[in-house]
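Take a look at the letters that make up each chain.
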Amino acid sequence: MFEIIFAIALFLYIIQTVIFFRGMLKKYHRIDDSALPTATVVVAARNEEDKILDCLISLNKLDYPEGKLEIVIAEDQSTDNTRGIIKTFVRDKKRFRLFEVDGEKKGLKGKANAIAQALQTVSSEIILTTDADCTVSPTWARTICSYYTDDVAMVCGYTNQTDNTLFEGMQAADFIYLLGVAAGTINLGKPLSCIGNNMSYRKSAYDRIGGYESMPFSVTEDFQILAAIHKLGEYKIIYPADPGAMVISKPCADYPELYKQKKRWAVGGLESDIIGFAVMASGFILHLLMLALPFFFSFLAIGMAVVKILTDYLFLLFTHRLIGQKILFKNFIAFEIYFILYVFILPFTVIFNRRVVWKGRKY
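What counts and how
Residues numbered from 1 in each chain as written. Predicted model: local features only at pLDDT ≥ 70, side-chain atom pairs only at ≥ 80, totals over all residues. Heavy atoms only, no water. Helix = DSSP H or I, 4+ residues; strand = E, 2+ residues; numbered from the N terminus. Rg over C-alpha atoms; globule rule 2.2 N^0.38 Å. Buried < 20%, exposed > 50% of the residue type's maximum accessible area, 1.4 Å probe, protein only. Areas by Shrake-Rupley, 256 points an atom, 1.4 Å probe, with all protein chains shown as cover. Lys, Arg positive; Asp, Glu negative; His and termini not counted. Charge placed at Lys NZ, Arg CZ, Asp CG, Glu CD. Disulfide = S-S within 2.5 Å. Polar contact = N/O pair within 3.5 Å; in protein donor to acceptor, adjacent residues only side chain to side chain. Contact = heavy atoms within 4.5 Å. pLDDT = per-residue confidence, 0-100. Salt bridge = Lys/Arg side-chain N within 4 Å of Asp/Glu carboxyl O. Phe/Tyr/Trp six-rings, centres within 6.5 Å; stacked < 30°, edge-to-face > 60°. Expected span 1.5 Å × (residues − 1). Core = buried A, V, L, I, M, F, W, Y, C linked by side-chain atoms within 4.5 Å. Pairing = 2+ DSSP bridges. Right-handed = clockwise from strand over helix to strand, strands pointing away. Axes fitted to C-alpha atoms, helices over the stretch in contact; angles between N-to-C directions.

**Student:** Looking at this model, I keep getting lost on the overall build of the protein. Mind explaining?
**Tutor:** For the protein, the count of helices and strands is 12 helices and 12 strands. What you see for the protein is a C-alpha radius of gyration of 21 Å, in line with the 21 Å of a compact globule of 363 residues. Considered along the principal axes of its C-alpha atoms, the protein spans approximately 65 × 45 × 40 Å. When burial is assessed residue by residue, the protein has 55% of its 363 residues classed as buried. Carbon and sulfur atoms form 62% of the exposed surface of the protein, whose accessible area is close to 16,400 Å². Within the protein, the 37 negative side-chain charges are centred at a point lying 1 Å from the centre of the 40 positive side-chain charges.

Laid out in structure tokens, this is it:
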């Protein structure tokens, strides 16, 4: 019976993975440089004194038509020297503007509050967001904005992480895996997830949905924007696999920080629809079966486990190639062990306690 259940779960998992990859392969038309719209990059920063400078330096290198790009840094009441670093850096740079977040407005909290306040001062056609612990490629804004044909309201991009250690490499592989799934589902017209450190949308679409002010509080504010724009049913949301739109993020420094990140995402995932829960349930069941292997040992079950691992490896290998990245096999092995464990454990952490701690704040 165990082998039959394992075989069914594995079959569904492989079909699901193929569907994700098929979505990732979709290609999209790009507009000429002469038609690039006006754009604003918005970065919310809170207590990032050890990271913000690298972000600012990379943003300063963005290649975009003169007079069409501004960069707004929303300093969110930091208790360290983040504000001082930003103020010094932007002083003589005309594309940059420091925006100081003024408390909480209209029930908004955290990052959503910071971005919402900053966007009230923005009139550009396109809004791009990234995080203060990220660095962007010089071609990032130009590449993302080149996909804004008339029928597109939202464009997402891939984020990789630095992988100087095995712990970092494990996180980097996990990031690309999750974004590959997000890209595949978005490109097939069923958005399940996105990430705010490489996200963009039309300001007019943001205004149409009423902005963050019209939404209930969520610890995953990026997914709220995605879901609201999709619900309009008037525009395309796309996730092109384009190396020119790459963002690099700093990984979590240790397991407690990683746990907080994963829990925040899991709590946000509770806002998914039935398809989102079906995808999560599929992974949970198969990984539960993987953990049960020692108690139901057979060569057939071991063979199916190898097929599952090979499926994950091929998905990651080809996803990395699509975005011009490479994955080390040792990082994949670390990821696979970690992946099996956290997909099984994480649901139990949010069932009993949905409290989230992020950037020194509790939600």
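Once the structure has been displayed, the description carries forward.
**Student:** Mind showing me how you'd approach the state of the cysteines here?
**Tutor:** Such a bond, covalent and formed between the sulfur atoms of two cysteines, is termed a disulfide. Applying the stated rule across the entire model yields 0 disulfides. Free of any disulfide, Cys55 has its nearest cysteine sulfur in Cys134, 6.9 Å distant. With no disulfide of its own, Cys145 has Cys156 as its nearest cysteine by sulfur position, at a separation of 13 Å.

**Student:** In this structure, what is going on with the side chain of Ser78? I would like to understand it.
**Tutor:** Secondary-structure assignment places Ser78 in the loop between β2 (69–75) and α3 (82–90). A polar atom in the side chain of Ser78 sits 2.8 Å from the backbone nitrogen of Asn47. The contact partners of Ser78, leaving out residues within four places of it in the chain, are Ala45, Arg46 and Asn47.

**Student:** Please explain the confidence of the model for the protein as it appears in this structure.
**Tutor:** Should the pLDDT be low somewhere, the predicted coordinates at that spot are not to be read in detail. Predicted confidence across the protein gives a mean pLDDT of 90, with 94% of residues reaching 70 or more. Looking at the elements of the protein, mean pLDDT is at its lowest for strand β12 (residues 361–362), recorded as 60, and at its highest for helix α5 (residues 140–145), recorded as 98.

**Student:** Can you walk me through the pattern of salt bridges in this structure?
**Tutor:** Opposite charge on two side chains permits pairing when their charged atoms draw close. Evaluated as defined, the whole model comprises 15 salt bridges. One salt bridge connects Asp242 with Arg30, and the closest N-O pair in it is separated by 3.3 Å. Note that Asp242 is positioned in the loop between β9 (236–238) and β10 (247–249) and Arg30 in the loop between α1 (2–24) and β1 (39–45), a separation of 212 residues in sequence. Judged by its relative accessible area of 12%, Asp242 falls in the buried class. Using a relative accessible area of 38% as the deciding quantity, one classes Arg30 as partly exposed. Of the charged contacts, one joins Asp312 and Lys308 as a salt bridge, the two residues approaching to 2.5 Å between their closest N and O atoms. Of the two residues, Asp312 and Lys308 are both situated in helix α11 (residues 299–322); the distance of 4 residues between them amounts to about one turn of the helix. Side by side, Asp312 and Lys308 carry an identical accessibility label, which is buried. Here the residues in one salt-bridge network are Asp33, Asp63 and Arg142, joined through shared partners.

**Student:** For this particular structure, what's the right way to read the packing of aromatic side chains?
**Tutor:** Describing an aromatic ring pair means giving the distance of the ring centres and the angle of the ring planes. A full pass over the atoms with the stated rule returns 22 aromatic pairs. Taking 5.1 Å as the distance between ring centres and 65° as the angle between the ring planes, the aromatic pair formed by Tyr177 and Phe315 counts as edge-to-face. On the criterion of sequence distance, the pair formed by Tyr177 in helix α6 (residues 166–187) and Phe315 in helix α11 is long-range, its members being 138 residues apart. Take Phe315: its relative accessible area is 3%, and that puts it in the buried class. These aromatic residues form a ring-pair network of at least three members: Tyr177, Tyr313, Phe315, Phe329, Phe332, Phe335, Tyr338, Phe339 and Tyr342.

**Student:** Would you mind going over helix α8 (residues 221–232) with me for this structure?
**Tutor:** Given 3.6 residues to a turn, an α-helix orients residues that are three or four positions apart in the same direction. Along its 12 residues, α8 runs 17 Å from first to last C-alpha, staying within 8% of the 16 Å computed at 1.5 Å per residue. Residues Glu221, Asp222, Phe223, Gln224, Ile225, Leu226, Ala228 and Ile229 constitute the buried set of α8. Buried residues along α8 sit against α4 (110–119), β6 (152–156), α6, β8 (199–202), α7 (203–208) and β9. One or two residues past the end of α8 sits Gly233, with phi positive at roughly 70°.

**Student:** Would you take a moment to explain the nonpolar core for this structure?
**Tutor:** The nonpolar side chains of a soluble globular protein tend to be buried with one another. Core analysis: the biggest nonpolar cluster contains 83 residues, and Phe6, Met154, Tyr201 and Tyr212 have the highest contact counts within it. By residue number, the principal contributor to this core is α6, which donates 11 residues. Sequence-distant contacts of Tyr212, that is, excluding residues within four places in its chain, are made with Leu108, Ala112, Ile115, Ala116, Tyr201, Tyr206, Glu221 and Ile225. In terms of nonpolar packing, the next biggest core, distinct from the first, is built from 37 residues, Tyr64, Phe89, Ala141 and Tyr147 among them.

**Student:** Would you mind showing me how to read the pairing of β1 here?
**Tutor:** Residues in a regular strand point their side chains to alternate faces of the sheet. Burial analysis of β1 places 7 of its 7 residues in the buried class, the great majority of the element. Of the two faces of β1, both are covered, the one formed by Ala39, Val41, Val43 and Ala45 as well as the one formed by Thr40, Val42 and Ala44. As paired strands, β1 and β2 are joined by 7 bridges and run parallel to one another. What sits directly across from Ala39, in β2, is Leu69. For the segment spanning β1, helix α2 (residues 52–60) and β2, crossover handedness is right-handed. Sheet topology note: the β1/strand β4 (residues 126–131) ladder contains 6 bridges and is parallel. Across the sheet, the residue bridging to Val43 is Thr130, located in β4.

**Student:** Even after reading the chapter, I still don't get the sheet that holds β10, so can you show me in this structure?
**Tutor:** As summarised here, the arrangement of the 3 strands in space is β5-β10-β7, forming an open sheet in which the pairing is mixed. Of all the strands in the sheet, just β5 (134–136) and β7 (159–161) have a single pairing partner and so form its edges. In this sheet, adjacent strand axes meet at a mean angle of 30° when their direction is disregarded. Pairing geometry for β7 and β10, over 3 bridges, is parallel. Paired with Asn160 across the two strands is Ile248, which belongs to β10.

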